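# Report on the structure
Here is what each chain is made of, one letter per residue.
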Amino acid sequence: MTDRSFRFTHAISRRPSASITDGLRAVDVGTPDLALFQTHHAQYIEALRDTGAEVTLLDPLEPYPDAVFVEDTALCLPEGAIIMRPGAPSRLGEAAEMAPHLRALYGEVREITGTESYIEGGDILTTEREILVGRSARTNAAGIAELRARVADWGYSVREVITPKGVLHFKTDCSLLDATTVLATERLAASGCFDGYQVIHTTEGEEAAANTIRFNDLVLMPAGFAATRERLVNAGYTVREIGNSEAAKVDGGMSCLSLRFTPTR
Ligand code: GLY
């Protein structure tokens with residue numbers, strides 16, 4: 001067992017744009033405050049860099065309000081990167097904006113190209129043994145099938161799972177903590193998709209804490225979920241809390257804010 005699913009040398013993030021106020025959201029709970037979002041984003045970048053990673057910080061993209069959520073544009077594996085086809089029409093163009101940055105770092109970059117294929121990185125959880133992809137309002141069966149074809153010769157097994165109804169992305173409700181352990185909401189784990197893994201559940205009422213990232217020695221988690229945080233600390237993880245109040249207003253979280261990888265040339 002290796003630890004390539006959570007140890008990385010690189011990350012790419014993008015600063016939030018002023019247009020984040022127009023970001024997609026399932027429920028309107030208020031307009032994100034750009035200055036506070038920028039402060040939280042800076043804390044996030046600092047945490048990634050504190051682990052020793054090289055972080056590429058891209059400029060804001062005003063035409064794409066959700067472009068700060070770079071994770072949805074690509075899947076990064078050690079062998080190469082795959083450019084996604086986001087299922088939200090307003091986000092489709094974000095993938096092409098990301099491609100040249102990955103081509104600068106990777107020897108091989110592949111693309112999801114089918115006109116009926118839709119898939120967003122937020123629906124993809126890469127573990128040591130497989131790639132789980134949640135079918136959702138943003139990710140369809142054609143997108144998952146095309147991803148499976150793109151990574152087959154790299155030896156990856158892609159397993160289609162279901163993102164719970166009303167939940168934006170599969171990883172809205174889960175995250176990888178180490179080679180054999182995930183953090184997940186009870187509602188997602190109840191589907192059985194994590195049979196064979198160790199599961200730490202978010203506590204009742206703290207479902208929004210499920211979207212963390214394990215990045216090298218740190219687990220970055222949204223601030224304000226004390227009971228779930230305690231479960232992670234008691235399990236031996238080093239937790240760094242990051243403010244997420246503004247990203248949460250547009251359904252964003254820790255994983256959405258970066259692409260994490262160790263590129264090979
Ligand atoms: N606001 C993030 C998304 O809906 O993709």
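Everything discussed here concerns the structure shown above.
Source: prediction; values computed, not measured.

Cut-offs applied
- Residues numbered from 1 in each chain as written.
- Predicted model: local features only at pLDDT ≥ 70, side-chain atom pairs only at ≥ 80, totals over all residues.
- Heavy atoms only, no water.
- Salt bridge = Lys/Arg side-chain N within 4 Å of Asp/Glu carboxyl O.
- Helix = DSSP H or I, 4+ residues; strand = E, 2+ residues; numbered from the N terminus.
- Buried < 20%, exposed > 50% of the residue type's maximum accessible area, 1.4 Å probe, protein only.
- Near = heavy atom within 4 Å.
- Polar contact = N/O pair within 3.5 Å; in protein donor to acceptor, adjacent residues only side chain to side chain.
- 1 Å grid on protein atoms, 1.4 Å probe; cavity = no way out; pocket = protein on both sides within 12 Å on 5 of 7 lines; lining within 4 Å.
- Sits in = over half its atoms within 2 Å of the grid points.
- Nonpolar A, V, L, I, M, F, W, Y, C, P; charged D, E, K, R; others polar.
- Pairing = 2+ DSSP bridges.
- Right-handed = clockwise from strand over helix to strand, strands pointing away.

Counted according to the given criterion, the structure contains 20 salt bridges. Arg260 is the salt-bridge partner of Glu71, the closest N and O atoms lying 2.8 Å from each other. Separated by 189 residues along the polypeptide, Glu71 in the loop between strand E2 (54–58) and strand E3 (74–76) and Arg260 in strand E15 (residues 259–261) bring together distant segments of the chain. Comparing Glu71 with Arg260 shows no difference in burial state: the two are buried. Arg138 is the salt-bridge partner of Glu120, the closest N and O atoms lying 2.9 Å from each other. Highlighted residues: Glu120 in the loop between strand E5 (109–111) and strand E6 (124–126) and Arg138 in the loop between strand E7 (131–135) and helix H3 (141–151), separated in sequence by 18 residues.

Let us look at the site of the ligand. As a matter of local geometry, the ligand sits amid Leu24, Asp66, Phe69, Arg91, Arg138, Leu168 and Val250. One nitrogen or oxygen atom from the main chain of Leu24 is found 2.8 Å from a nitrogen atom belonging to the ligand. Asp66 places a side-chain nitrogen or oxygen 2.7 Å from a nitrogen atom of the ligand. In this structure, the ligand is accommodated by the largest pocket. Residues belonging to the shell around the ligand are distributed by class as follows: four nonpolar, no polar and three charged.

On to the pairing of strand E1 (residues 10–14), then. Burial analysis of E1 places five of its five residues in the buried class, which makes it a mostly covered element. Burial along E1 is two-sided: His10, Ile12 and Arg14 facing one way and Ala11 and Ser13 facing the other are all buried. Across five bridges, the pairing between E1 and E2 is parallel. Bridge assignment links His10 to a residue of E2, and that residue is Glu54. With helix H1 (residues 34–50) bridging E1 and its parallel neighbour E2, the resulting β-α-β unit is right-handed. The sheet contact formed by E1 and E15 spans three bridges and is antiparallel. When the sheet's bridge partners are listed, His10 is paired in E15 with Phe261.

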